[in-house]
Amino acid sequence: MDKKLTIPVRGGALSVRVAGQGPAILFVHGFPLDHQMWTGQLPLTSDFRCIMPDLRGFGASQAEVGEVLTMTQFAEDLQSVLQQVAANQQVCVCGLSMGGYIAFELWQRCADRISHLVLCDTRAAADTMEVARGRELTAQKIAVEGSRELVTSMLGKLFGPSAPPQCRVEVERILQSVRASSLMAALRGMAQRTDFTPRLAEIRIPALVICGHDDVITPPVEMRQMAGQLADSQFVEVDSAGHLAPLEQPELVNARIASFIS
Ligand code: MLT
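For the structure given in this document, a descriptive report is provided here. Every chain's residues receive numbers from 1 upward, in the order its sequence appears when written. A pLDDT threshold of at least 70 governs which residues receive local features in this predicted model, and a stricter bar of 80 or more applies before side-chain atom pairs are shown or counted, although totals over entire chains, interfaces and linings include all residues. Heavy atoms throughout the structure, all of them, feed into the side-chain values; hydrogens and water do not.

So, on to the pattern of salt bridges. Every case where a carboxyl oxygen of Asp or Glu lies within 4 Å of a side-chain nitrogen of Lys or Arg is listed as a salt bridge. The final tally for this structure, using the stated rule, is 11 salt bridges. One salt bridge in this structure joins Arg-123 and Glu-222, with 2.7 Å as the shortest N-O distance. Placement of Arg-123 in the loop between strand S7 (114-120) and helix H3 (129-145) and of Glu-222 in helix H7 (residues 220-229) is noted, with a sequence separation of 99 residues between them. Classification of Glu-222 as partly exposed rests on a relative accessible area of 27%. Across the salt bridge formed by Glu-136 and Arg-188, the nearest N and O atoms sit 2.8 Å from each other. Taken together, the residues Glu-136 in helix H3 and Arg-188 in helix H6 (residues 180-191) connect sequence positions 52 residues apart. Look at Glu-136 and you get partly exposed, because its relative accessible area is 28%. Residues joined by salt bridges that share partners form a network here, namely Asp-127, Arg-135 and Arg-193. Helix and strand definitions here come from DSSP, where helices need a minimum of 4 consecutive H or I residues and strands a minimum of 2 consecutive E residues; each element is numbered from the N-terminal end. Partly exposed residues are those whose accessible area sits between 20% and 50% of the maximum for their type, while under 20% is buried and over 50% is exposed, using a 1.4 Å probe and protein chains only.

The structure is reproduced here in structure tokens:
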């Protein structure tokens, strides 16, 4: 089965691709992408039921955005998705970067629904004041000048030097289509997010922590440290990959996810 569902959430609906059969994996995309960043994970549909939403404000989802899109709001939406497509079932939650921030919020809200966590190229820490201020300035700039500068800067940071050119083309296409209002609201939401570092030891769900060797946004040294603070974790550093390790090295990442869950 491979379907696009429209799932009602507060103030609108999310577009959710649901494909495959087996234990469920909820894939939560990073900023400012959409579910298409998980294209490399589609081979997992032969053994798993892959639930791939476009978060509020992104991709084909049509839901109110407002001034700030908080990680709590995203997590609330995903709880609605789980209730509607995976009721009475535990799921593996796999989040990349902003998707990881949301995975921590989901754990806080409904840990009993989560069988495994896969944390890709992300961090538990909140923004420093300086980073948060930078995000606000970027949001203000987007309001006046549009998103070109942000898109160029993201494209310069997302990939490792050996990323396949096709990945860059695909990601650029997604970045060009994002609405400015969603960019601004998610930037502000990330700046306000909770610091989960003090709570990492409380997370007893088995966690697979994946980081591209060349990730300059959430570098391996920081992710390895985060993995060490989780109660039950494995850390994988992926060669020849940057911040989008699942997209840049799908075969290796899929093999690690599959053996982790099975
Ligand atoms: C992402 O990939 O989701 C972003 O780089 C996260 C962030 O800006 O903190």
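Right, picking up where we left off after that structure.
This paragraph deals with the nonpolar core. Counting 95 residues, the largest nonpolar core has Phe-31, Met-98, Ile-210 and Ile-257 as its most contacted members. Here the element with the most residues in this core is helix H2 (residues 98-110); it accounts for 8 residues. With residues near it in sequence (within four places) discarded, Met-98 still touches His-29, Gly-30, Phe-31, Leu-55, Met-71, Phe-74, Ala-186 and Met-190. Here, the term nonpolar core denotes a set of buried Ala, Val, Leu, Ile, Met, Phe, Trp, Tyr and Cys residues that are joined through side-chain atoms within 4.5 Å. In what follows, a contact means two residues having at least one pair of non-hydrogen atoms within 4.5 Å.

Before going further, it helps to spend a moment on the pairing of strand S6 (residues 91-96). Among the 6 residues that make up S6, 6 are buried, leaving the element largely enclosed by the rest of the structure. A two-sided burial pattern is seen for S6, the buried positions comprising Val-91, Val-93 and Gly-95 on one face and Cys-92, Cys-94 and Leu-96 on the other. Strand direction decides the pairing type here: strand S3 (residues 24-28) and S6, joined by 5 bridges, are parallel. From the neighbouring strand, Ala-24 faces S6, where its bridge partner is Val-91. Strands are treated as partners if at least two bridges between them are detected by DSSP.

Between the first and last residue of a helix there are one fewer steps than residues, each counted as 1.5 Å, and that sum is the expected span. The first and last C-alpha atoms of H3 sit 24 Å apart over 17 residues, in line with the 24 Å expected at 1.5 Å per residue. Considered for burial, the residues of H3 that qualify are Arg-135, Ala-139 and Ile-142. Within H3, the buried residues cover an arc of 60 degrees as seen down the axis, which keeps them to one side. Along H3, exposed side chains directed more than 90 degrees from the buried face belong to Met-129, Glu-130, Leu-137, Val-144 and Glu-145. Elements in contact with the buried residues of H3: H2, helix H4 (148-158) and H6. Taking the helix axis as origin, the arc is that swept by the directions to the C-beta atoms.

Here we take up the packing of aromatic side chains. Aromatic ring pairs are defined here through the distance separating the ring centres and the angle between the ring planes. In this analysis, rings of Phe, Tyr and Trp, with Trp reduced to its six-membered ring, are considered paired at centre separations within 6.5 Å, and the interplanar angle assigns stacked below 30 degrees, edge-to-face beyond 60, and tilted for intermediate values. Under the definition given, this model contains 3 aromatic pairs. Taking 5.0 Å as the distance between ring centres and 50 degrees as the angle between the ring planes, the aromatic pair formed by Phe-27 and Trp-38 counts as tilted. Separated by 11 residues along the polypeptide, Phe-27 in strand S3 and Trp-38 in the loop between S3 and strand S4 (49-53) bring together distant segments of the chain. Trp-38 matches Phe-27 in its accessibility class, with the two residues each being buried. Pairing Phe-104 with Phe-196 gives two aromatic rings, centres 5.5 Å apart and planes at 20 degrees, and the pair type is stacked. One end of the pair, Phe-104, is in helix H2; the other, Phe-196, is in the loop between H6 and strand S8 (207-212), with 92 residues separating them in the sequence. Neither residue differs from the other here; Phe-104 and Phe-196 are each classed as buried.

Okay, the environment of Leu-230 next. With respect to the helices and strands, the residue Leu-230 is situated in the loop between H7 and strand S9 (233-238). For the pair Leu-230 and Ile-217, spaced 13 residues apart in the sequence, the C-alpha separation amounts to 21 Å.

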